[in-house]
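# Topology and contacts: notes
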Amino acid sequence: MPRDHRPARSIRVLLAEDQGMMRGALALLLGMEADIQVVAQVSAGDAIVDAALIHRPDVALLDIELPGMSGLDAAAELRDQAPDCRVLILTTFGRPGYLRRAMEAGAAGFLVKDGPVEELAEAIRRVLTGEKVIDPALAAVALSAGPNPLTARECDVLNASVDGATVSDIAGRLHLSESTVRNYLSSAIGKTNTRNRMEAMREARQQGWL
């Protein structure tokens with residue numbers, strides 16, 4: 001159930017950020033707030049859920065692009081395994097597709113990193129009341145951009161195209177036939193209005209669909 005007031009004790013925060021200097025600075029600045037305590041810091045996405053189960057934070061502050069597991073995938077796991085923990089996505093990349101995926105994963109907020117720490121601290125407090133806190137400029141762009149046109153399988157095939165993987169390589173990784181892979185790639189290229197699969201992958205990532 002959403003909480004309708006701030007807890008009397010300090011708000012317990014888990015911080016997931018792969019850049020050590022950024023993580024340390026955020027922890028220091030948030031720790032200066034009288035009602036906020038950073039109880040756990042992790043540098044990889046696949047460490048988030050375990051840390052949350054151990055430290056029981058009220059709010060998990062997650063970057064998106066993390067090693068091991070993305071912050072968006074971790075948010076979905078937290079929703080299932082630590083439902084009392086609110087998730088606030090904090091990212092450098094204000095991409096419309098990321099916002100949609102964050103909301104689908106159960107995140108309570110989405111902010112970009114260029115805002116002042118006072119706004120971040122207030123956002124942490126607000127998500128505990130049950131509010132959704134979303135960067136207004138990004139929300140407007142996301143509404144105008146529309147939904148992700150790619151199917152889940154098309155996304156899988158584009159993701160598997162990294163590092164110059166051949167159609168045969170992709171087929172083996174995803175347990176698909178080569179003709180099926182070609183069909184998915186062709187469809188993704190058409191939907192992204194690009195000339196080849198590498199351009200399609202770049203465009204999909206730029207939009208936050210992957």
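Let me sum up the structure you'll find in this document. Since we're looking at a predicted model, the values are computed, not measured.

Right, let's get into the overall build of the protein chain. Of regular secondary structure, the protein chain possesses 10 helices and 6 strands. Over its C-alpha atoms the protein chain spans a radius of gyration of 19 Å, differing by no more than 12% from the 17 Å that the globule rule assigns to 210 residues. Considering only C-alpha atoms, the protein chain reaches an extent of 60 × 35 × 35 Å along its principal axes. In the protein chain, which comprises 210 residues, the proportion classed as buried is 46%. Counting contacts in the protein chain only where the partners sit at least 6 residues apart, residues at least 24 apart contribute 65% of the total.

Next up on the list: the side chain of D135. Within the secondary structure, D135 sits in the loop between strand 6 (133-134) and helix 6 (136-145). In this structure D135 is buried but unpaired, with R126 as the nearest side chain of opposite charge at 10 Å.

Okay, a nonpolar patch on the surface next. A cluster of nonpolar side chains, L28, L29 and M32, forms an exposed patch at the surface whose accessible area comes to about 330 Å². Locating M32 in the fold gives a position in the loop between helix 1 (20-31) and strand 2 (36-42).

Counting 29 residues, the largest nonpolar core has L14, I48, L62, L78, V87, I89 and F110 as the members making the most contacts within it. For this core, the elements supplying multiple residues, two or more each, are strand 1 (11-16), strand 2, helix 2 (48-55), strand 3 (59-62), helix 3 (71-81), strand 4 (86-91) and helix 4 (96-104). When residues no more than four places from it in sequence are discounted, the contact partners of V87 are A60, L62, A75, L78, A107, A108 and G109.

A few words now on the pattern of salt bridges. By the definition in use, this model includes 11 salt bridges. A salt bridge links D35 to R125; its shortest N-O distance comes to 2.7 Å. Taken as a pair, D35 in the loop between helix 1 and strand 2 and R125 in helix 5 (residues 117-127) lie far apart in primary sequence, 90 residues in all. Across the pair, exposure class does not vary: D35 and R125 are buried alike. The residue R125 makes a salt bridge to E122 at a minimum N-O spacing of 3.3 Å.

For strand 4, a buried count of 5 out of 6 residues is recorded, marking the element as mostly surrounded by other parts of the structure. Taken together, the 4 bridges between strand 3 and strand 4 define a ladder with parallel strand orientation. Note that in strand 4 the partner of A60 across the bridge is V87. Taken together, strand 3, helix 3 and strand 4 form a β-α-β motif whose crossover is right-handed. Relative to strand 5 (residues 109-112), strand 4 runs parallel, the two sharing 4 bridges. Paired with L88 across the bridge in strand 5 is G109.

What counts as what
- Residues numbered from 1 in each chain as written.
- Predicted model: local features only at pLDDT ≥ 70, side-chain atom pairs only at ≥ 80, totals over all residues.
- Heavy atoms only, no water.
- Helix = DSSP H or I, 4+ residues; strand = E, 2+ residues; numbered from the N terminus.
- Rg over C-alpha atoms; globule rule 2.2 N^0.38 Å.
- Buried < 20%, exposed > 50% of the residue type's maximum accessible area, 1.4 Å probe, protein only.
- Contact = heavy atoms within 4.5 Å.
- Lys, Arg positive; Asp, Glu negative; His and termini not counted.
- Salt bridge = Lys/Arg side-chain N within 4 Å of Asp/Glu carboxyl O.
- Patch = residues over 30% accessible without salt bridge, like charges linked within 9 Å, V, L, I, M, F, W, Y side chains within 5 Å.
- Areas by Shrake-Rupley, 256 points an atom, 1.4 Å probe, with all protein chains shown as cover.
- Core = buried A, V, L, I, M, F, W, Y, C linked by side-chain atoms within 4.5 Å.
- Pairing = 2+ DSSP bridges.
- Right-handed = clockwise from strand over helix to strand, strands pointing away.

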